Amino acid sequence: MMAASPSAAGGVPASGLSVRKSEEIADLIDLFSKTQYRAKEVTPRVDEIEKRCLELFGRDYKYSVIHNTNGDVCGHYPRQIVFLEYECKESQRDRFESSVQITKLQDLVNRSKLARCRGRFVCPVILYNGKHICRSSTLAGWGELYGRTGYNYIFSGGSDDTWTESEEVPEDDSAARNGDSQLFDKVRGHDIKLLRYLSVRYICDLMVENKKVKFGLNVTSSEKGTRAQRYADFTLLSVPYPGCEFFKDYKDRDYTAEGLVFNWNQDYVDAPLTIPVCFTHNMNIDWAEYQSWDLVEQTQNYLKLLLHIINSDDESGLLVHCISGWDRTPLFVSLLRLSLWAVSSPSPLSRFRLPPQRVHMTPGRPPPPPRSMST
């Protein structure tokens, strides 16, 4: 029998490295699946992973960092939120002048975070061919919005810096609006400014409802459900995908997605599939049949759609969100990251080829990917 060839790292047999990599992947997945991340409760193990992620980013990108110590900006985002600026080898990082005003970006983030449910603001997580792929939660409803602004007002000593900047609302128009509308103008205006700063044009909404309603109250909103049409300048895609409640059925089936079809006839489901015609050409997908797809086919087709948008000639970025940005959003962001890594060189993402490195960069709280979901 031929002996296993030694590796370059200390003469360890290749088979031994493979076992170690498999163990590392299993350990990371186990940690991500069982641990709820909180920026103010970071363990030494999570701290090690965060440092490793920064090191991996630094190999291929020039980046800036928004500090989120103790979750001051967002309790469920990393303590150091990375903003990728451009592709750059590690040895060249100091040769380029920063293309981003980090203080301006920090200010936009602080002002816009109230616009999104649970403060999960629009955050760029992938940079591909100069395009920012972002994640967030959906728009906050009036209850959460008033609650958070009141909290900030009380604990800031009776002033809130979020509203010190003058807004672009015509005086004659704003005078005719009620207090709710003016507050939404201010908060969502900052959200729109952040989207524009990141050159995001496309917004992919995974919610199966136009607004989340509980006990007769609108708990959250969405860009497609705003009567004021504040997001009319963006290209909105309503791509309804079932959330965490549906994944109980997925788990009960031993994580078998084949044949598992969502019930689209439920009372709260009111968001139809809406995709601009320009993105449906040459995809060989019958979108009119989306309600008959099982979870595997639905996930495949939605992922193909997102990749089609990202690979279009347009230089604009993409935002993906569900309600809380907690299950569906990281699922599709992780699938996008892995799919973009899988493309052939010279992709900006193709250097992270080792499976443990890929898993380091795809944490979140998505459910396990459906079996046989190859694209």
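Residues numbered from 1 in each chain as written. Predicted model: local features only at pLDDT ≥ 70, side-chain atom pairs only at ≥ 80, totals over all residues. Heavy atoms only, no water.

### Overview of the side chain of arginine 328
Within the secondary structure, arginine 328 is located in helix 9 (residues 328-342). Here the side chain of arginine 328 touches leucine 206 through a polar contact of 3.3 Å, landing on its backbone oxygen. There is a polar contact of 2.7 Å between the side chain of arginine 328 and the backbone oxygen of tyrosine 241. (Helix = DSSP H or I, 4+ residues; strand = E, 2+ residues; numbered from the N terminus. Polar contact = N/O pair within 3.5 Å; in protein donor to acceptor, adjacent residues only side chain to side chain.)

### A short note on the pairing of strand 4 (residues 131-136)
Burial analysis of strand 4 places six of its six residues in the buried class, which makes it a mostly covered element. Because side chains alternate across strand 4, one face comprises the buried residues Lys131, Ile133 and Arg135, and the other comprises His132, Cys134 and Ser136, equally buried. Both strand 3 (residues 123-128) and strand 4 contribute to a ladder of five bridges, which runs antiparallel. When the sheet's bridge partners are listed, proline 124 is paired in strand 4 with cysteine 134. Linkage of strand 3 to strand 4, two consecutive antiparallel strands, is achieved through a turn of two residues, within which asparagine 129 is found at a positive phi near 50°. As judged from the four bridges shared by strand 4 and strand 9 (residues 317-321), these two strands associate in the parallel manner. When the sheet's bridge partners are listed, serine 136 is paired in strand 9 with histidine 321. (Buried < 20%, exposed > 50% of the residue type's maximum accessible area, 1.4 Å probe, protein only. Pairing = 2+ DSSP bridges.)

### What to know about the nonpolar core
Of all hydrophobic cores here, the largest spans 68 residues; its most connected members are Trp287, Tyr302 and Leu305. With nine residues, helix 8 (residues 295-310) is the largest single contributor of residues to this core. (Core = buried A, V, L, I, M, F, W, Y, C linked by side-chain atoms within 4.5 Å.)

### Some details on the sheet that holds strand 4
Strand order in the open sheet made by the five strands is 3-4-9-5-8, with mixed pairing throughout. The open sheet terminates on both sides in strands that have one partner only, identified here as strand 3 and strand 8 (235-238). Averaged over all adjacent pairs, the angle separating strand axes in this sheet is 20°, with direction ignored. (Axes fitted to C-alpha atoms, helices over the stretch in contact; angles between N-to-C directions.)

### A few points about helix 8
For helix 8, spanning 16 residues, the distance from its first C-alpha to its last is 23 Å, which sits close to the expected 22 Å at 1.5 Å a residue. For helix 8, the buried fraction is high: 13 of the 16 residues fall into the buried class. N-capping of helix 8 is provided by aspartate 294, with a side-chain oxygen placed 3.2 Å from the backbone N of valine 296. (Expected span 1.5 Å × (residues − 1).)

### A look at unusual backbone geometry
Positive phi values are uncommon outside glycine, yet asparagine 70 reaches one of about 60°. Among the structural elements, asparagine 70 can be located in the loop between strand 1 (61-67) and strand 2 (80-87). Classification of asparagine 70 as partly exposed rests on a relative accessible area of 48%. Unlike most non-glycine residues, asparagine 282 shows phi in positive territory, near 55°. Among the structural elements, asparagine 282 can be located in the loop between helix 7 (247-252) and helix 8.

### Examining the confidence of the model for the protein chain
The predicted structure's coordinates, where accompanied by low pLDDT, should not be read in detail. Taken over all residues, the pLDDT of the protein chain has a mean of 78, while the share at 70 or more is 70%. The lowest-confidence element of the protein chain is helix 5 (residues 171-174), averaging 39 in pLDDT; the highest-confidence one is strand 9, averaging 97. Low pLDDT (under 50) marks residues 1-12, which in the prediction has 11 contacts with non-local residues, meaning those over four places away or in another chain. (pLDDT = per-residue confidence, 0-100. Contact = heavy atoms within 4.5 Å.)

### Concerning the environment of glycine 119
Tracing the sequence through the fold places glycine 119 in the loop between helix 3 (102-112) and strand 3. Glycine 119 gets classed as buried once you look at its relative accessible area, which sits at 8%.

### Some thoughts on the packing of aromatic side chains
The final tally for this structure, using the stated rule, is 12 aromatic pairs. Note on tyrosine 77 and phenylalanine 121: the rings are 4.9 Å apart at their centroids and 75° apart in plane angle, and the pair reads as edge-to-face. Here phenylalanine 121 lies in the loop between helix 3 and strand 3 and tyrosine 77 lies in the loop between strand 1 and strand 2, a separation of 44 residues in the sequence. Looking at tyrosine 77, the relative accessible area reads 7%, which means it is buried. Judged by centre distance (5.3 Å) and plane angle (85°), the ring pair of phenylalanine 246 and phenylalanine 262 falls under edge-to-face. (Phe/Tyr/Trp six-rings, centres within 6.5 Å; stacked < 30°, edge-to-face > 60°.)

### Let's talk about the pattern of salt bridges
Considering all chains together, one arrives at 16 salt bridges under this definition. Note that arginine 45 is salt-bridged to aspartate 27, the shortest N-O span being 2.7 Å. Of the two residues, arginine 45 sits in helix 2 (residues 44-60) while aspartate 27 sits in helix 1 (residues 14-34), which places them 18 residues apart along the sequence. The partly exposed category is assigned to aspartate 27, whose relative accessible area is 37%. Across the salt bridge formed by glutamate 50 and arginine 79, the nearest N and O atoms sit 2.7 Å from each other. Of the two residues, glutamate 50 is situated in helix 2 and arginine 79 in the loop between strand 1 and strand 2; the sequence distance between them amounts to 29 residues. (Salt bridge = Lys/Arg side-chain N within 4 Å of Asp/Glu carboxyl O.)

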